[in-house]
Amino acid sequence: MRSGWLTIKTVYMLKHRIQSLTISQTCMQQRIGLCTVRATVMPSICTKVVDVDEHEAQAIYEWFLENKV
């Protein structure tokens, strides 16, 4: 996951170690078609990417669900 505008923060996580992946939207984000994606590896290790395009967030969520069922 990568976030930032002036400085870019990159976080690498192994897919099988991710415990939860959530996608949320504020009212302003909903109006302009953006989301916040949050991934948790352990209760104390969580990262989020703000202002992700809705289609990209959906692609991330589908990637996460592959082979989970």
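Residues numbered from 1 in each chain as written. Predicted model: local features only at pLDDT ≥ 70, side-chain atom pairs only at ≥ 80, totals over all residues. Heavy atoms only, no water.

Break down the pattern of salt bridges for me, citing the residues and quoting the values.
Tallied over the full model, the rule gives one salt bridge. Of the charged contacts in the structure, one is a salt bridge between E66 and K15, with a shortest N-O distance of 4.0 Å. In this pair, E66 is assigned in the segment after α2 (54–65) and K15 in the loop between β2 (9–10) and β3 (20–24), connecting sequence segments 51 residues apart. Under the relative-accessibility criterion, E66 is labelled partly exposed at 46%. (Salt bridge = Lys/Arg side-chain N within 4 Å of Asp/Glu carboxyl O. Helix = DSSP H or I, 4+ residues; strand = E, 2+ residues; numbered from the N terminus. Buried < 20%, exposed > 50% of the residue type's maximum accessible area, 1.4 Å probe, protein only.)

Mind laying out the packing of aromatic side chains, listing which residues take part and the relevant values?
Under the criterion given, the structure shown has zero aromatic pairs. The ring of W63 has K15 lying over it, and the distance from NZ or CZ to the ring centre is 4.8 Å. (Phe/Tyr/Trp six-rings, centres within 6.5 Å; stacked < 30°, edge-to-face > 60°. Lys NZ or Arg CZ within 6 Å of the ring centre and 35° of its normal.)

Lay out the pairing of strand β4 (residues 34–42) with the relevant residues and their values.
Burial analysis of β4 places seven of its nine residues in the buried class, which makes it a mostly covered element. Looking at chain direction, β3 and β4 are connected through five bridges and run antiparallel. Bridge pairing links S20 to T40 in β4. Direction of pairing for β4 relative to strand β5 (residues 45–53): antiparallel, over a ladder of seven bridges. Each residue of the ladder has a partner; that of C35, found in β5, is V52. Linking two consecutive strands that pair antiparallel, namely β4 and β5, is a turn of two residues. (Pairing = 2+ DSSP bridges.)

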